[in-house]
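# Working through the structure, step by step
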Amino acid sequence: MCITSPPYWNLRDYGIAEQLGLETTPDKFVNNLCDVFDEVQRVLQPHGTCWVNLGDTYISGKSHQSIYKDKSLAMIPNRFAIEMVNRGWILRNELIWHKPNCMPESVKDRFTNDYEKLLFFTKNSRYYFKQQFEPLKESSISDGRNKRAVWVINPPLYKEAHFATF
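Predicted, not measured: the structure shown is a model, and the values here were computed from it. (Residues numbered from 1 in each chain as written. Predicted model: local features only at pLDDT ≥ 70, side-chain atom pairs only at ≥ 80, totals over all residues. Heavy atoms only, no water.)

### Concerning the confidence of the model for the protein
The line we're drawing: pLDDT expresses how confident the predictor is about each individual residue, on a scale running from 0 to 100. Each helix is a run of H or I in the DSSP string that is no shorter than four residues. Each strand is a run of E no shorter than two, and both are numbered from the N terminus.
Of all residues in the protein, 89% attain a pLDDT of 70 or more, and the chain-wide mean is 89. Confidence, expressed as mean pLDDT per element, reaches its minimum in the protein at strand β5 (residues 150-152) with 90 and its maximum at helix α2 (residues 76-86) with 98.

### Focus on the sheet that holds β5
Rule in force here: For two strands to be treated as a pair, DSSP must find no fewer than two bridges joining them. Only the stretch in contact is used when a helix axis is fitted, and all axes are lines through C-alpha atoms; the angle between N-to-C directions ranges over 0 to 180 degrees. The contact criterion used throughout is that any non-hydrogen atoms of two residues lie within 4.5 Å.
Strand order in the open sheet formed by five strands is β1-β2-β4-β3-β5, with mixed pairing between adjacent strands. Unpaired on one side and paired on the other, β1 (2-4) and β5 mark the two borders of the sheet. Averaged over all neighbouring strand pairs, the angle between strand axes comes to 20 degrees, with direction disregarded. Here three bridges tie β1 to strand β2 (residues 49-54), and the two strands are oriented parallel to one another. Within the sheet, the bridge partner assigned to Cys-2 lies in β2 and is Cys-50. Docked against the sheet, helix α1 (residues 26-43) engages β1 and β2, running at close to 160 degrees with respect to β2. Its contacts with the sheet put α2 on β2, β3 (90-98) and β4 (115-122), and the angle it makes with β4 is roughly 5 degrees.

### Here's the deal with the nonpolar core
Applied cut-off: Only buried residues count toward a nonpolar core. Its members are Ala, Val, Leu, Ile, Met, Phe, Trp, Tyr and Cys residues joined through side-chain atoms within 4.5 Å. Between buried and exposed lies partly exposed: a residue is buried under 20% and exposed over 50% of the maximum accessible area for its type, with that area taken using a 1.4 Å probe on protein chains only.
Membership of the largest hydrophobic core comes to 23 residues, with the highest contact counts inside it found for Phe-37, Cys-50, Phe-80, Trp-89 and Phe-121. Of all the elements in the fold, those that place two or more residues in this core are α1, β2, α2 and β4. Per element, the largest residue contribution to this core is six residues, and it comes from α1.

Structure, rendered in structure tokens:
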């Protein structure tokens, strides 16, 4: 299994030459990120799975070319998922990580984002997966309900300067 949260596009400069995440367009970022996952696919066992936590961001005047409209949601997780499928991965789930105690946003012209996507890929149609069930209530002990695709998990508090602890 591979599980990771790569740098998000256009959100942080780590001060490293040619770092992933500071490409000039969403498409260039997705292409570079998928190049990394081509190598993950190469070394992952045939029955392996790949989990990618990937948040989104907005197009801003300093980060777009003429085809991208300023203030538009960049749709990075969607673009990434499509390109991964184009490169041979099987997309099994798009999970939503709902964060009830998310970081506040100062925007006044859209809603606050309180979730990120967790994309679940496999190399092949047969892979290792242990089915998981929703927590059972005493009244429904005989009915095991398959786990749903929206996971409510509060991120733990972190006192350092990094907002994307993993």
